[in-house]
Amino acid sequence: MCNPEEAALLRLEEVFSATLAHVNSLVLQPLLPAAPDPSDPWGRECLRLLQQLHKSSQQLWEVTEESLHSLQERLRYPDSTGLESLLLLRGADRVLQAHIEYIESYTSCMVVQAFQKAAKRRSEYWRGQRKALRQLLSGVSSEGSVGASLGQALHQPLAHHVQQYVLLLLSLGDTIGEHHPTRELVVNAVTLFGNLQSFMKQELDQAVATQALWHTLRGRLRDVLCTPAHRLLQDSQDVPVTVAPLRAERVLLFDDALVLLQGHNVHTFDLKLVWVDPGQDGCTFHLLTPEEEFSFCAKDSQGQAVWQWKVTWAVHQALHGKKDFPVLGAGLEPSQPPDCRCAEYTFQAEGRLCQATYEGEWCRGRPHGKGTLKWPDGRNHVGNFCQGLEHGFGIRLLPQASEDKFDCYKCHWREGSMCGYGICEYSTDEVYKGYFQEGLRHGFGVLESGPQAPQPFRYTGHWERGQRSGYGIEEDGDRGERYIGMWQAGQRHGPGVMVTQAGVCYQGTFQADKTVGPGILLSEDDSLYEGTFTRDLTLMGKGKVTFPNGFTLEGSFGSGAGRGLHTQGVLDTAALPPDPSSTCKRVDSLSLSLLLFLLEPWRQLGVGAFPVESRWQGVYSPFRDFVCAGCPRDLQEALLGFDVQSSRELRRSQDYLSCERTHPEDSVGSMEDILEELLQHREPKALQLYLRKALSNSLHPLGKLLRTLMLTFQATYAGVGANKHLQELAQEEVKQHAQELWAAYRGLLRVALERKGQALEEDEDTETRDLQVHGLVLPLMLPSFYSELFTLYLLLHEREDSFYSQGIANLSLFPDTQLLEFLDVQKHLWPLKDLTLTSNQRYSLVRDKCFLSATECLQKIMTTVDPREKLEVLERTYGEIEGTVSRVLGREYKLPMDDLLPLLIYVVSRARIQHLGAEIHLIRDMMDPNHTGGLYDFLLTALESCYEHIQKEDMRLHRLPGHWHSRELW
């Protein structure tokens, strides 16, 4: 059964639907054709508003028709269609929204007097329609204006309809029981439409007050302020209030803006960017805006309460993005609007932000959080802000003269200036990657020219206040030179080493980019020049030349156009190096290394001039600062840098770079996770695995540090820097890096323990530190430097290795038994049992079969870069030799030195290891000092002795001495 109230609702909807259609044809449709003058902006705006009202009216009619249809279905099939099928109940929110949109469109037209203006255009037509309007409306005076009649025609039916909705729904609620399934729907509809009545009243009151306001303002002020969106909430002429320091004559609070009138000036403040602070007394409160602060003072506490309450809730409403329903202040927000919010604002006051537009997060009148700052000249900044200043990661674009050229700064910022790590790509195609302080390059950084630059260069080193200062490496691609040394104020200044592509090396003192005082120069043929040199490294004035053969030339040097180097001096041919062929007896007891030193001056440059501890402090310092600060997350990128997959990404949009740069937490977890994992891997084996993983990850703090050190090493010793005279400089640098990496690990461990309330054990002694550095860190990090480092060893020991290779070639001509005999290996130690002969073979013809297991073992020394693993290979080789001899003798046998050395020479000659001299010297230099005097030291010394004996010139023609003395090893 259907209730009478449902039938009444049906009739109500039928009447309202017909009324809407009648109003549309009688009022709205005739209003629209009144096209405005194209030159009249207000006319165009009124037409737009009337079109919007017509659209809202159509939507309201469609919803009413749908509601009517649901009522008809309910009355037609009461048994199968429940109350919940009624649109007024199941879709009350949708019906409500259609009414609200119509009301807002209607009041917007009302605020700008659109009805009056449209009626004025067709005044004769509307005077003829007055009778029809009176029939439509109740209580319309015949003397009233046509515009007012049109407004009532568009509003009165709606108001009456909503009132009837409420009454009928209340009556419907009374007819159903408390526990009826649709009871809650009916109660909800009653509440919504009851609130709609209040909303309509407030909207109409605000529209009337706003419309009346325009009549009190002068023409210019009215033109500035009169917009359809404005709704007046409070006027200081109604509740007086004074504003300081700006002495406003009138204060107007709209629902979206606060307006202060001062003579002909209008100061407008977006309510989204207004913060309210309660005052200390009962008559004052304060407002914060992006550029100004105001105090509002009322005559009494009641006036202050009215203004503060309305401003507060107006700000709430503006931030919410829609009107409070049903009335202002009826929302569920807290009493104070949030301090942090998002908005857009263009700064007007003079200063660095003048005319700049900021869009993003704010806090109490200042940009704070993520945002975008754009200037009219094309500059813009995307990133983080703190209290109005760029702070944290940000990207700044600075346009250049060319339209498509700009400088891109992708950096960390502190209090408005670049500070910390950054990557900058300039319009000249130069790229800087490094650290900043107060907006200038400061600390470690790399500046590189573009690939197509006419004078390509790259500087890797330290900066101070925007200039190259301290230790740094510059490569001049145009001249084919590399400078390694000290800088001051952007110029070479202090001790330095110059290396050229032709292999020439110069070491001396520089001042203001010029060589000063004496220096030394090593040419490609190992001639040594001592004296004063020009910028082109030409010897000038008094000097001395030492030639590779030992001759010296001392005198005055000069050069001229087309004449080359000329001199007047004394040539000394007396200081000749010893002739190895005529001093065989002396050579037998003389280390070949010493002999080669006499033949070739192996001078190492830079050692002592640049203390290894201070070379790369700009790389170590940010890590130390990060650790000393307790590894805070917000400084991780600023101090340790961030990853960009390629420099091309710098050319992409700022939003892409802000979002897509690789963050440390993306692959290694947060800093807290890193420190926690570190504490869980303190045992030796676990620690080794942890360090291996950390150093191989470019996003781990230790991995970042290692990669930066690799960059400096390659910048110094790769390419032009691959010069044998820099070998010692490089190897001491690698050792220092290992110590710094261990210290970095200890620093992280200390922080991890402190976060747990624990303390790190006392400082390590030197022996313990060396054990960890050489036994743990160096093997893990050495592969990262090995290519460049080993190349230097190859170049330095090239002559030795050439003699060794010739010796190997000569020894390879011997079959096994002849070589064993040639080396004076005792015959009872020959492993003839290992030789399997065919019917047509003889022992004397077999090659590469004796001591095969030891030979294959020794060859593995080339498969690893770890000095300790190389020594372990040597130890296993010794074991294989001894094991083979023991098998031949049928008993365990410990080889004395007189037997071991010739057998080891045999194995080395058959292993045919390339560049064995470079391998031996690298092992010796990188070996753990704790192994000195131990088994590894003994075996390496034995290998060195084998290497030297294989090099001896007389091995090609003569047998080795018949007896070996173990003391020769030492």
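That block above? That's the structure.
An account of the accompanying structure is given in this report.

Rules used throughout
Residues numbered from 1 in each chain as written. Predicted model: local features only at pLDDT ≥ 70, side-chain atom pairs only at ≥ 80, totals over all residues. Heavy atoms only, no water. Pairing = 2+ DSSP bridges. Helix = DSSP H or I, 4+ residues; strand = E, 2+ residues; numbered from the N terminus. Axes fitted to C-alpha atoms, helices over the stretch in contact; angles between N-to-C directions. Contact = heavy atoms within 4.5 Å. Buried < 20%, exposed > 50% of the residue type's maximum accessible area, 1.4 Å probe, protein only. Phe/Tyr/Trp six-rings, centres within 6.5 Å; stacked < 30°, edge-to-face > 60°. Lys NZ or Arg CZ within 6 Å of the ring centre and 35° of its normal. Arc of directions from axis to C-beta. Parallel < 35°, antiparallel > 145°, perpendicular 65-115°, else oblique. Nonpolar A, V, L, I, M, F, W, Y, C, P; charged D, E, K, R; others polar. Core = buried A, V, L, I, M, F, W, Y, C linked by side-chain atoms within 4.5 Å. Expected span 1.5 Å × (residues − 1).

## Observations regarding the sheet that holds strand β6 (residues 275-278)
Part 1: Strand order in this open sheet of four strands is β2-β8-β7-β6, and the pairing throughout is antiparallel. Each end of this open sheet is capped by a strand with a single partner; those strands are β2 (241-244) and β6. Each neighbouring strand pair of the sheet contributes to a mean axis angle of 25 degrees, computed without reference to strand direction.
Part 2: Pairing geometry for strand β7 (residues 284-288) and strand β8 (residues 293-298), over five bridges, is antiparallel. Pairing of His286 across the sheet is with Ser295, part of β8.
Part 3: Contacts from helix α11 (residues 301-320) reach β2, β6, β7 and β8 within the one sheet, and its direction differs from that of β7 by about 25 degrees.

## Re the pairing of strand β14 (residues 406-414)
Part 1: Counting buried residues along β14, seven of its nine residues qualify, which places the element largely inside the surrounding structure.
Part 2: Here eight bridges tie strand β13 (residues 389-399) to β14, and the two strands are oriented antiparallel to one another. Within β14, the residue paired with Leu397 across the bridge is Cys408.
Part 3: What sits between the antiparallel neighbours β14 and strand β15 (residues 417-425) is a turn of two residues, in which Glu415 has the positive phi angle 50 degrees.

## Notes on the packing of aromatic side chains
Part 1: Tallying each qualifying case throughout the model produces 33 aromatic pairs.
Part 2: Between Tyr345 and Trp362, the ring centres sit 6.1 Å apart and the planes meet at 85 degrees, which makes this aromatic pair edge-to-face. Of the two residues, Tyr345 is situated in strand β9 (residues 340-346) and Trp362 in strand β10 (residues 357-363); the sequence distance between them amounts to 17 residues.
Part 3: Exposure remark for Tyr345: the relative accessible area of 21% places this residue in the partly exposed category.
Part 4: Note on Tyr358 and Trp362: the rings are 5.1 Å apart at their centroids and 85 degrees apart in plane angle, and the pair reads as edge-to-face. Neither Tyr358 nor Trp362 differs from the other in exposure class; each is buried.
Part 5: Chaining the aromatic ring pairs together yields one cluster made of Tyr432, Phe436, Tyr459, Trp463, Tyr483, Trp487, Tyr506, Phe510 and Phe533.
Part 6: One cation-aromatic arrangement involves Arg379 over Trp375; the distance from NZ or CZ to the ring centre is 4.4 Å.

## Examining the sheet that holds strand β1 (residues 232-235)
Part 1: Here four strands make up an open sheet; going across it, the order is β1-β3-β4-β5 and the pairing antiparallel. At either margin of the open sheet sits one strand with a lone partner, and together these are β1 and β5 (265-270). When the angles between neighbouring strand axes are averaged without regard to direction, this sheet yields 20 degrees.
Part 2: Of the strand pairs in this sheet, strand β4 (residues 257-262) and β5 are connected by six bridges, and their pairing is antiparallel. In the strand pairing of β5, Leu261 is matched with Val266.
Part 3: Helix α9 (residues 183-214) rests against β1 and β3 (250-254) of the sheet, and its axis sits at about 55 degrees to β1.

## Some details on helix α25 (residues 852-859)
Part 1: Residues Ala854, Thr855, Cys857 and Leu858 constitute the buried set of α25. Looking down the long axis of α25, one finds its buried residues gathered within 165 degrees of arc, a one-sided arrangement.
Part 2: Against the buried residues of α25 lie α26 (867-889) and α27 (897-911).

## Considering the packing of helix α23 (residues 798-811) against helix α29 (residues 935-951)
Part 1: Here α23 crosses α29 at 75 degrees, and the two axes come no closer than 7 Å. The orientation of α23 with respect to α29, classified from their angle, is roughly perpendicular. Only Tyr947, Ile950 and Gln951 of α29 make contact with α23, whose side of the interface consists of Glu800, Asp801, Phe803, Tyr804, Gly807, Ile808 and Leu811.
Part 2: The residue inventory of the contact of α23 with α29, partitioned by class, reads six nonpolar, two polar and two charged.

## Concerning the nonpolar core
Part 1: Counting 78 residues, the largest nonpolar core has Leu691, Leu702, Val734, Leu748, Met781 and Leu789 as its most contacted members.
Part 2: If we ignore the near neighbours within four places in the chain, the residues touching Leu789 are Phe713, Ala730, Gln731, Val734, Leu782, Leu922 and Met926.
Part 3: Residues Leu31, Leu150, Val162 and Leu172 belong to the second largest nonpolar core, which totals 77 residues.

## Details of α27
Think of an α-helix as 3.6 residues a turn; residues three or four steps apart then line up on the same face.
Part 1: Between its terminal C-alpha atoms α27 stretches 20 Å, which fits the 21 Å expected from 15 residues at 1.5 Å a residue.
Part 2: Across the 15 residues that make up α27, a large majority, 14, are buried.
Part 3: Looking one or two places after α27, you find Arg912, whose phi comes out positive at around 50 degrees.

## Considering the pairing of strand β19 (residues 467-476)
Both faces of the sheet carry side chains from a regular strand, because those side chains alternate between them.
Part 1: When you tally the buried positions in β19, you get eight out of 10 residues, the bulk of the element.
Part 2: Bridge count between strand β18 (residues 457-464) and β19: seven bridges; the pairing is antiparallel. Pairing of Phe457 across the sheet is with Asp476, part of β19.
Part 3: Between β18 and β19, which pair antiparallel in sequence order, lie two residues; one of them, Arg465, sits at a positive phi of approximately 55 degrees.
Part 4: Relative to strand β20 (residues 481-488), β19 is paired through seven bridges, and the arrangement is antiparallel. Counterpart to Glu475 in the pairing with β20 is Arg482.

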